[in-house]
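Remarks on the overall topology
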Amino acid sequence: MYYRKVPRITNLWSKVTDGEKGEWLSKLFIESTRPFEHSLIRVDNEVIIIRCKGVMLNMPEGKISINDGLVREVCLKQDNSDSTSIELFLDQPAEVKLATLEVFPFRLEITLDRSYLARLFSGKTVMIDPAHGGKDTGGQGAVSLMEKDVVMPIAINLQKALQRAGAKAVLTRNGDEDISAKERFEKASLEKADIYISLHTHACADSRVAGAATKYLANSDDSTALATYIQEELVKKIKVADRGVAEELEPVLPVALPAVEVEVVTITNIVEEVFLRGLTIQKRAAEGIFNGLRDYFAVRQSDLKVN
Amino acid sequence: MITGRIPIRTHIITEKEDIVDVVKKYTGEIAAPGDIIAIAESVVAISQGRAILHETVKPGLLAHFMCRFPGKEGSLAAPHSMQVAIQEVGTGRFLLGVAAAGLGRLFGRRGDFYRVAGRQLAQIDDFAGTMWPFDRHIVLGPKDPQGVVDRIKAATGAEAVIADVNDIGKVDILAATGGVDREMLCSYLKDNPHGNDDQQTPIVVLVSEENMDC
């Protein structure tokens, strides 16, 4: 029956992957019941349109957030009964290729090269600080989780993402160690880090308080900007309440380089404690922070070009 | 014989919708008699208003105590979801399940808690167990799943199943219409074509050989 009917687009999904020659790629797959005609139109560096002929949308029209560091979102639209448009909105310029995969369901594969992103991170050193450790447990959830444990997988995911992007990413601790703030700052200094990111969860006596916040040192405009970018992208990615950006009043950040403290979620909120048990938030929090760093480095790079 | 699978992305399904209408809307031009429509159990439950916000649940002492026992990544890890489980089957039956689980462990057996307390407890999704925006809800298993699949078959002509599939390959068929070979079906669903939270495909059409070749 699929050969008789009008093709229908049933699904869209994406992944970040390595190519056969080691390239770093974003891939989007448009699945449909049958092949259809398509053509690619590059509007500008940030917008790509794929016009599809003789195909109907079987999935909802509208925007789908991707936020994979390169592709911000995809918008699907049924233009008329015979044509559909797929608009890709990019955060950075990228080469794009289309391929068709003769599988069932049929797949239109959109491949975008993430090398611009890699150039942005190349040569950068990021010090990632999984806060607390050892006897210093940090905040504690109502059931059982401890801040010192839950920040570690997020730190490792962030480290992997940054390393894949070509940055040097170093952790202040690799195990359950209780190390002083001074030792952490010295490590950052030794590594000549460009950025210092301290990973925390918020703790509050009021268990209704929830969400993410990012703190910065008020003596640095760079720290303020970095905090703003990270907070925006983090909340977008993990979809928790936005507790905002605020000045850090405790001496938990180094003053010699742009530094922020990211409170990923609130461990004393029962729902967010359960979130922290899962792999999804560990991965997504790292992706959100990565996207914030991307925005920070991109703006700094364009500032350098202007000056 | 199934020869193809079509995962179908949908809008966010809410308690304001009839799941049969939703399935008909998304499979009307795709599924035909001979095919099987598989629906994720969580969206059926959500459409039935069985997603509960934690603010509406007051956990008792038993729930606070018991939520420490499921594994770190297990379901029912919060006192609120444990309380919902206790309410779902009653305190007596719940405690019998706990006793059975304790005895079972002595003999190295697993799964006795759900066998005694009730299979429906295994279908409760804790916070973060369901896709956004229901990730802050506790989602119970669907009510009358057999009635739902029978209505879907009547509306679409295709066979229907409600399945609970997870990312580690465990498939639980909650209900199926008469023409479904459950054993065969599990092999087609065990890699979770419903997808994780990034892939909002709660409906999957399993296409029969005769419909593929037409």
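Small disclaimer: the values here were computed from a predicted structure and weren't measured.

This brings us to the overall build of chain B. Regarding its fold elements, chain B presents 9 helices and 7 strands. Relative to the globule expectation of 17 Å for 214 residues, the C-alpha radius of gyration of chain B, 18 Å, shows essentially globular dimensions. In terms of overall dimensions, chain B has C-alpha extents of about 60 × 40 × 30 Å along its principal axes. Relative to its full complement of 214 residues, chain B shows a buried share of 51%. Contacts in chain B between residues at least 24 apart in sequence constitute 66% of all its contacts with a sequence separation of at least 6. Per element, the accessible surface of chain B, about 9800 Å² overall, is 54% carbon and sulfur.

Another point: a nonpolar patch on the surface. Together, Leu103(B), Leu106(B) and Phe107(B) make up a nonpolar patch on the protein surface, roughly 400 Å² of accessible area in all. Mapping Leu103(B) onto the fold places it in helix 5 (residues 91-106).

How big an interface is tends to be expressed through the accessible area that disappears when the partners come together. Residue and element names in this part refer to chain A. What the domain assignment lists for chain A is domain 1 (8-113) and domain 2 (119-306). Put simply, the middle of domain 1 and the middle of domain 2, counted by C-alpha atoms, are 32 Å apart. At the interface, 11 residues of domain 1 touch 9 residues of domain 2. Summed over both sides, the interface between domain 1 and domain 2 buries roughly 760 Å², with carbon and sulfur atoms accounting for 43% of that surface.

With respect to the helices, strands and loops of the structure, Glu31(A) is situated in strand 2 (residues 24-32). Sequence separation between Glu31(A) and Leu108(A) is 77 residues, and the spatial gap between their C-alpha atoms is 6.5 Å. Ignoring any residue separated from it by four or fewer positions in sequence, one finds Glu31(A) in contact with Arg8(A), Ile9(A), Thr10(A), Asn11(A), Trp13(A), Pro105(A), Phe106(A), Arg107(A) and Pro7(B). A polar contact of 2.9 Å, which involves the side chain of Glu31(A), links it to the side chain of Trp13(A).

Residues and elements named next belong to chain B. Position of Glu-159 relative to the elements: it lies in strand 5 (residues 159-165). Glu-159 sits in the buried class, given a relative accessible area of 12%. Among the polar contacts made by the side chain of Glu-159, one reaches the side chain of Thr-177 at a distance of 2.6 Å. At 3.1 Å, the side chain of Glu-159 forms a polar contact with the backbone nitrogen of Gly-179. Filtering out sequence-adjacent residues up to four positions away, Glu-159 remains in contact with Asp-35, Ile-36, Ile-37, Lys-153, Thr-177, Gly-178, Gly-179 and Val-180.

Rules and cut-offs
Residues numbered from 1 in each chain as written. Chains lettered and ligands numbered in written order. Predicted model: local features only at pLDDT ≥ 70, side-chain atom pairs only at ≥ 80, totals over all residues. Heavy atoms only, no water. Helix = DSSP H or I, 4+ residues; strand = E, 2+ residues; numbered from the N terminus. Rg over C-alpha atoms; globule rule 2.2 N^0.38 Å. Buried < 20%, exposed > 50% of the residue type's maximum accessible area, 1.4 Å probe, protein only. Contact = heavy atoms within 4.5 Å. Areas by Shrake-Rupley, 256 points an atom, 1.4 Å probe, with all protein chains shown as cover. Patch = residues over 30% accessible without salt bridge, like charges linked within 9 Å, V, L, I, M, F, W, Y side chains within 5 Å. Salt bridge = Lys/Arg side-chain N within 4 Å of Asp/Glu carboxyl O. Domains from an automatic or database assignment. Buried area = accessible area lost by both parts, 1.4 Å probe. Polar contact = N/O pair within 3.5 Å; in protein donor to acceptor, adjacent residues only side chain to side chain.

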